[in-house]
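What follows is each chain in one-letter form.
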Amino acid sequence: MDQKLVRREKIRYRIRKKVAGTAQKPRLSVFRSNTGIYVQLIDDNTGVTLVSASSMDKDIKARKGSKVEQSKLVGEAIARKAAALEIKTCVFDRGGNLYHGRVKALAEGAREGGLQF
């Protein structure tokens, strides 16, 4: 495996040891690929994904813009979906990625949408 990926996996496991979500305060898990960004609200007690959003959703993909702009839209979308389920707070899991660029834009979009973490 590439050294970068190994390092990211170690960081990811270290974060997951400390961060766990419940039904009242789920874990906001971020996965970032080269082409898109995906986010889920997860209840780790039951192992269930409550809500998900991604840059591949039709309404977000239809809007043109940079990956950072799309990430912000994904953050706003997950906040809207969480509000529909009356979820106000969550625990942020950046998935081993640096809190910078697309991950930061997603977090800011979610905060603007009303999600607290």
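Keep in mind it's a predicted model, so treat the numbers as computed, not measured.

J.: Any chance you could explain the side chain of Arg27 here in plain terms?
T.: The residue Arg27 is located in strand β1 (residues 27-32) in this model. Side chain to side chain, Arg27 and Asp44 meet in a polar contact 2.9 Å long. Sequence-distant contacts of Arg27, that is, excluding residues within four places in its chain, are made with Arg16, Val19, Gly21, Gln40, Leu41, Ile42, Asp44, Val91 and Asp93.

J.: Which parts of the structure should I look at to understand a positive patch on the surface?
T.: Side chains of Arg7, Arg14, Lys17 and Lys18 sit close together on the surface and give a patch of like positive charge. Among the structural elements, Lys17 can be located in helix α1 (residues 3-18).

J.: Is there a simple way to explain the sheet that holds β1 in this structure?
T.: Within a sheet, adjacent strands bond to each other through the backbone by hydrogen bonds, running parallel or antiparallel. Read across the open sheet, the 4 strands follow the order β3-β2-β1-β4; overall the sheet is mixed. Either end of the sheet is taken by a strand with one partner, and the two such strands are β3 (48-54) and β4 (91-93). The average undirected angle you get between the axes of adjacent strands in this sheet is 20°. As paired elements, β1 and strand β2 (residues 37-43) share 6 bridges and run antiparallel to each other. For Phe31, the partnering residue across the bridge sits in β2 and is Tyr38.

J.: What should I look at first to understand the confidence of the model for the protein chain in this one?
T.: For residues with low pLDDT, the predicted coordinates do not support detailed interpretation. On average, residues of the protein chain score 94 in pLDDT, and 100% of them reach the 70 mark or higher. Mean pLDDT across the elements of the protein chain bottoms out in helix α2 (residues 58-62) (92) and peaks in helix α4 (residues 102-112) (97).

J.: Even after reading the chapter, I still don't get helix α3 (residues 67-84), so can you show me in this structure?
T.: Every α-helix winds through 3.6 residues per turn, so residues three or four apart in the chain are directed the same way. Between the first and last C-alpha of α3 there are 26 Å, a value that for 18 residues agrees with the 26 Å anticipated at 1.5 Å per step. Within the sequence span of α3, burial applies to Gln70, Ser71, Leu73, Val74, Gly75, Ala77, Ile78, Ala79 and Ala82. On its buried side, α3 packs onto β1, β2, β3, α2 and α4. A positive phi of about 60° marks Glu86, the residue just after α3.

J.: It is not clear to me how the pattern of salt bridges should be interpreted in this structure. Could you clarify?
T.: A side chain with one charge may pair with a side chain of the opposite charge, provided their charged atoms come close. With the rule as written, the count across this model stands at 6 salt bridges. A salt bridge links Arg12 to Glu9; the shortest N-O distance between them is 2.8 Å. Here Glu9 and Arg12 lie together in helix α1, a separation of 3 residues that amounts to about one turn. For Arg12, a relative accessible area of 29% corresponds to the partly exposed category. For Arg27, the salt bridge identified is with Asp44, shortest N-O distance 2.9 Å. With a gap of 17 residues between them, Arg27 in strand β1 and Asp44 in the loop between β2 and β3 connect regions that are remote in the sequence. Taken together, the shared-partner salt bridges in this structure form one network comprising Arg16, Arg27, Asp44 and Asp93.

What counts, and at which threshold
Residues numbered from 1 in each chain as written. Predicted model: local features only at pLDDT ≥ 70, side-chain atom pairs only at ≥ 80, totals over all residues. Heavy atoms only, no water. Helix = DSSP H or I, 4+ residues; strand = E, 2+ residues; numbered from the N terminus. Polar contact = N/O pair within 3.5 Å; in protein donor to acceptor, adjacent residues only side chain to side chain. Contact = heavy atoms within 4.5 Å. Patch = residues over 30% accessible without salt bridge, like charges linked within 9 Å, V, L, I, M, F, W, Y side chains within 5 Å. Areas by Shrake-Rupley, 256 points an atom, 1.4 Å probe, with all protein chains shown as cover. Salt bridge = Lys/Arg side-chain N within 4 Å of Asp/Glu carboxyl O. Lys, Arg positive; Asp, Glu negative; His and termini not counted. Charge placed at Lys NZ, Arg CZ, Asp CG, Glu CD. Pairing = 2+ DSSP bridges. Axes fitted to C-alpha atoms, helices over the stretch in contact; angles between N-to-C directions. pLDDT = per-residue confidence, 0-100. Expected span 1.5 Å × (residues − 1). Buried < 20%, exposed > 50% of the residue type's maximum accessible area, 1.4 Å probe, protein only.

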